[in-house]
Amino acid sequence: MKDLHGGNINAVMNGFGFTINDIPKTIYDFSVNLNPLGPSPAVLEYMLTNDCSWAKYPETYSKTAARSLAKAHNILPENIIIGNGATELFGLILQAFKIKKAASLSPTYSGYNEACSANRVKHISISNLNSYLSDAVFIGFPNNPTGHFPNKAEINSNIIKNPSTLFIIDESFIDFTFSSESYINRDIPKNVIIVKSLTKIFSIAGLRLGFAVSTADNIKRIQASQLPWSVNSIAQNIASFLYNDVEYISKTKTKTKELRIKFTADLNKISGIQTFPSETNFILIKSDRTNLQKELLQKGFFIRSCRNIKELDKTYYRLAVKSKKENELLVKALHQNHLPPPPETKAIMIVGTTSNAGKSLVAAAFCRYFQRKGKRVAPYKAQNMALNSFVTENGGEMGRAQVMQCEAAKIKPHTDMNPVLLKPQGNSISQLIVNGKAIDNITAQKYYNGKTEIRNIAWKAFDRLKKKYNLIIMEGAGSPTEINILKYDFVNMAAAEHANAQTILVADIDRGGVFASIFGTIKLLPQKYQKLFSGIIINKFRGDINLLNPAISQIEKLTGIPVLGVLPYLPNLQIDEEDSLALEEKIFQTNRKNKYCLNVSIIKLPHISNYTDFTPFENHPQIACNYILSSDKLKNSDLIIIPGTKSTCNDMQYLWETGLAEGIIRENSKGIPVIGICGGYQILGKKIYDPNKVEGDIKEIDGLGLLEIRTNLTLKKELAQVKGYTTKHYPFVKRNRKIEFSGYEIHSGRSEYINKSTNQQINKLLLPPLTINKRLNKYVEEKTGCISHNKNVFGCYIHGFFDNPLLFNETVNYLAHKKGIEILKVKQINKDQTYEKLADMLEEHINFSKIL
């Protein structure tokens, strides 16, 4: 077969007699030696923001670009010429110097021979520099396809000894190496021309861009042979800033070396494969399988054959160094002697154009959909930032959204499904919870500084899950395209890359601007991440789907990614929502406020946490549930609730400063019941102490004084699932009933009774209203909670207390009877039916054939 350049897959297919149906649709191209990181961010940004530059004439001879590249290489502008790739420059040099005969050190790049042939120059291959008689000699520095540097001392000696021979030094791959041996400097010998392709290092092969460096006289001579406008305007403009991205070039060198070493080691383990040392982004191998190129092409891998390169034969192949995952896939294919079955999808990543795009619910729907298909499926979110958390049966803390997804998947929650949790505490500080345990209170900067260690912990959790489940439904956080922190982000596309996950983008059409957000989200990402997308889902649609179809077709063309379907808006699902700190976005039916309704006021603390405790109140059709910011809004309350908080002392101070504290005390004195959960329970007491500054800088503060307790915050955090029952002292029931409950505790500190009265009758009223008989699956007998003397204030540490239907209904009936109204009993929400409804929605509206 004729020697063919890398990337020319159609010609190779024709040579083997293949048709398009004979090879897989997805081809991993190892035949072209482009940067494994993909184009630099600067190039991608330019292509997005200067989409009309192609309509303008380029500079005639690329002078602006030449000045920029000259500055980047510390040479003078008169010493450089820009070309339409290295290939054009080779031809111009041969023309300008009227070369009759040229040599190249073999084995080497076949493009030198092609340039000579096109310009009617005789080309010979030589084994060493002392064995030639020619006008010019091509030297790959480093060499292609061997990947190593020839002896520079020998080259320099020959340059001096042969002043009439033109030495064309090809440094197209030198930027991938750590070599400082470049020939580009301000004192270049007259018989030396250095040529450099920029298409490889910056992964812009389609633009065709290169340059040559030599003496000013030599450059003028080459320019005389160059036609005007040979370099297009886009390539010229991009050339002006390529070398400004120092971080990208440095990262390329480091990453390429890391990938090459690992790739080489893996290849050396394969029987019949021999590798040769390389210093750049490709590896020369020798295989005892002479039809290896054909064999791999049938498996979906395209490699470069070196059969027509002198001194090599049909047993030699060149492999580009690509991404870790692509390299691993090729190694796996080389281990196999037969066509492998299509790989099973192990992970699907759901990311959103924004927070609250609906990705948590879509992920839950995917969990139930695949669970119904017989998959053992689990959810995963590398890192969550949320104030709503949950405790597993093993005493680990994790985000509630993944707990909801576990319910959909019909499995028990485990902290591996949300290994990193951040709980904001204010003043740019968050509590860091890793593998279910709180380990530190940290600033954002400290968190980012330790991102590598935290990322590795999160990804190890994913790897553990992958061993236990058939399919992982991953969820991203916020938007995957937060370009200011993209290098720190291990939750979205970096996690998808680690998992080799098919990635689906969920876009919220209810907010408007859906197509702009889709396009921007995808196109602002590095190319390696764009390749991971398998589909787009438009979410929360209400309207005529036919009106969307033209735009859907257009966004598919613009992004190259199929729209899998459009999901309808589904209100009032009554399951935990997507994690969000934006409590203001919650909608409450304030129109329910009338004499036939109960008015429940929840204090919106600055550091409110676990407000999902009150979802049963929000979902009740006869309860007007409102989050309160000022004391005047407390009037006409039938119940006041103080929720949990991540900073009890600071929020207590907020209540005093805003007058809300006095308002709560005032309404309670009028007989309005007050309930506090967790931090709200601590706030109801007389004193809160924080000597170790566990939650902030306030060491001591007065509480509301509505309960006879005081709280000492401690470094140790209580994390436990609990079960128990109400005692006869629980106040909010019509009659003394023993009602069972279950829930979980997440709190720092302990509360104790104070100021016990000498009056035994009063002391009996203060007896704990709850008994815990099971903690962390161990049977116990613990009295807990507290009530006030007048029995209209109650507090406890148990989250999920009102998720118990009987207990919730008894409490609501008590309040309704007190107000003199009748109220409906609410049946327990059947979450399983909701998950079935979500899966049905996917079944109806999503085209799974496009991704599976």
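To start, this report covers the structure provided alongside it. Remember, it's a predicted structure, so these values are computed and weren't measured experimentally. (Residues numbered from 1 in each chain as written. Predicted model: local features only at pLDDT ≥ 70, side-chain atom pairs only at ≥ 80, totals over all residues. Heavy atoms only, no water.)

**Details of the overall build of the protein chain**
Right, on to step 1. Of the regular secondary structure elements, the protein chain holds 26 helices and 39 strands.
Right, on to step 2. Along the first, second and third principal axes, the C-alpha atoms of the protein chain reach 115 × 50 × 50 Å.
Right, on to step 3. Here the protein chain, with 852 residues, has 57% of them falling under the buried criterion.
Right, on to step 4. For the protein chain, restricting intrachain contacts to residue pairs at least 6 apart in sequence, the fraction spanning at least 24 positions comes to 75%.
Right, on to step 5. Taking the average place of the 107 positive charges on the side chains of the protein chain and the average place of its 78 negative ones, the gap between the two points comes to 3 Å. (Helix = DSSP H or I, 4+ residues; strand = E, 2+ residues; numbered from the N terminus. Buried < 20%, exposed > 50% of the residue type's maximum accessible area, 1.4 Å probe, protein only. Contact = heavy atoms within 4.5 Å. Lys, Arg positive; Asp, Glu negative; His and termini not counted. Charge placed at Lys NZ, Arg CZ, Asp CG, Glu CD.)

**Quick word on the nonpolar core**
Right, on to step 1. Core analysis: the biggest nonpolar cluster contains 89 residues, and F366, Y380, I473 and M474 have the highest contact counts within it.
Right, on to step 2. Residue contributions to this core peak at eight residues, all from helix α12 (residues 359-372).
Right, on to step 3. When residues no more than four places from it in sequence are discounted, the contact partners of Y380 are D416, M417, P419, A458, W459, A461, F462, L465, I472, I473, M474 and E475.
Right, on to step 4. Grouped together as the second largest cluster of nonpolar side chains are 66 residues, V600, L655, Y681 and L815 included. (Core = buried A, V, L, I, M, F, W, Y, C linked by side-chain atoms within 4.5 Å.)

**What about the packing of α12 against helix α26 (residues 831-845)?**
Right, on to step 1. Remark: α12 packs on α26, axes separated minimally by 8 Å, with the N-to-C direction vectors making an angle of 85 degrees. With respect to each other, α12 and α26 are oriented roughly perpendicular. Along its contact with α12, which presents L361, A365, F366, R368, Y369 and R372, the element α26 presents D832, Y835, E836, L838, A839, D840, L842 and E843. (Axes fitted to C-alpha atoms, helices over the stretch in contact; angles between N-to-C directions. Parallel < 35°, antiparallel > 145°, perpendicular 65-115°, else oblique.)

**What to know about empty space enclosed by the protein**
Right, on to step 1. For the coordinates displayed, the defined rule picks out five cavities of 30 Å³ or more.
Right, on to step 2. The volume enclosed by the largest cavity comes to roughly 140 Å³.
Right, on to step 3. Elements supplying a minimum of two residues to the lining of the largest cavity: α23 (679-684) and β35 (740-753).
Right, on to step 4. For the lining of the largest cavity, the leading source of residues is β35, giving three residues.
Right, on to step 5. Class assignment for the residues of the lining of the largest cavity results in two nonpolar, nine polar and four charged. (1 Å grid on protein atoms, 1.4 Å probe; cavity = no way out; pocket = protein on both sides within 12 Å on 5 of 7 lines; lining within 4 Å. Points joined across faces, edges and corners; volume = space filled by probe spheres on them. Nonpolar A, V, L, I, M, F, W, Y, C, P; charged D, E, K, R; others polar.)

**Examining helix α11 (residues 324-335)**
Right, on to step 1. For α11, built from twelve residues, the straight-helix expectation of 16 Å at 1.5 Å per residue is met to within 8% by its first-to-last C-alpha distance of 17 Å.
Right, on to step 2. Among the residues making up α11, those that are buried are E326, N327, L330, V331, A333 and L334. Down the axis of α11, the buried set is contained in an arc of 160 degrees. They therefore lie on one face. Looking at α11, the residues exposed on the side facing more than 90 degrees away from the buried face are K324 and K332. (Expected span 1.5 Å × (residues − 1). Arc of directions from axis to C-beta.)

**Observations concerning helix α22 (residues 660-669)**
Right, on to step 1. Those residues of α22 not exposed but buried are L660, A661, G663, I664, E667 and N668. Summarising the axial view, the buried residues of α22 lie within an arc of 165 degrees, below the 170-degree limit, and thus occupy one face.
Right, on to step 2. Buried residues in α22 make contact with β26 (598-603), β28 (623-628), β29 (639-642), α21 (648-658), β31 (674-677) and β39 (793-796).

**Thoughts on the sheet that holds strand β24 (residues 533-541)**
Right, on to step 1. Strand order in this open sheet of six strands is β15-β22-β14-β23-β24-β25, and the pairing throughout is parallel. Of all the strands in the sheet, the pair left with one neighbour each is β15 (377-380) and β25 (563-568). Taking each pair of neighbouring strands and ignoring which way they run, the sheet shows an average axis angle of 20 degrees.
Right, on to step 2. Two strands pair when backbone bridges link them, and strand β14 (residues 347-352) and strand β22 (residues 471-475) are joined in this way by four bridges, in the parallel orientation. Residue pairing across strands places I350 opposite E475, the latter belonging to β22.
Right, on to step 3. Contacting β15 and β22, helix α13 (residues 400-409) crosses the sheet at an angle of about 170 degrees to β15. (Pairing = 2+ DSSP bridges.)

**Quick look at the packing of aromatic side chains**
Right, on to step 1. With the rule as written, the count across this model stands at 37 aromatic pairs.
Right, on to step 2. Considering the side-chain rings of Y448 and Y488, the 4.4 Å spacing of their centres and the 20 degrees angle between planes classify their relative orientation as stacked. With a gap of 40 residues between them, Y448 in helix α14 (residues 444-449) and Y488 in the loop between β22 and α16 (493-499) connect regions that are remote in the sequence.
Right, on to step 3. Classification of Y448 as partly exposed rests on a relative accessible area of 23%.
Right, on to step 4. Judged by its relative accessible area of 21%, Y488 is partly exposed.
Right, on to step 5. Taken together, the aromatic side chains of F617, Y730, F732, F741, F794, F801, F802, F808 and Y814 make up a single cluster linked through ring pairs.
Right, on to step 6. Geometry around Y183 places K152 over its ring, the cationic atom sitting 4.6 Å from the centre.
Right, on to step 7. Lying over the aromatic face of F282, R318 brings its terminal NZ or CZ to 5.8 Å of the ring centre. (Phe/Tyr/Trp six-rings, centres within 6.5 Å; stacked < 30°, edge-to-face > 60°. Lys NZ or Arg CZ within 6 Å of the ring centre and 35° of its normal.)

**Side note on the sheet that holds strand β2 (residues 80-83)**
Right, on to step 1. Pairing is mixed in the open sheet, where seven strands are placed in the order β2-β8-β7-β6-β5-β3-β4. Each end of this open sheet is capped by a strand with a single partner; those strands are β2 and β4 (122-126). Neighbour to neighbour, the strand axes of the sheet diverge by 20 degrees on average, direction disregarded.
Right, on to step 2. In the sheet, strand β7 (residues 192-197) pairs with strand β8 (residues 210-213) via four bridges, with the strands oriented antiparallel. Across the sheet, the residue bridging to I194 is V213, located in β8.
Right, on to step 3. Packed on one face of the sheet, helix α3 (residues 63-72) meets β2 and β8 and runs near 120 degrees to β2.

**Some details on the pairing of β28**
Taken residue by residue, a regular strand's side chains alternate between the two faces of the sheet.
Right, on to step 1. For β28, a buried count of six out of six residues is recorded, marking the element as mostly surrounded by other parts of the structure.
Right, on to step 2. Where burial is concerned, the two faces of β28 agree: the one with I623, C625 and Y627 and the one with A624, N626 and I628 are both buried.
Right, on to step 3. As defined by bridge partners, β26 adjoins β28 across six bridges and the pair is classed as parallel. Following the sheet pairing, I602 is matched in β28 by Y627.

**What to know about the environment of H620**
Right, on to step 1. By the secondary structure assignment, H620 is in the loop between α20 (615-619) and β28.
Right, on to step 2. Judged by its relative accessible area of 1%, H620 falls in the buried class.

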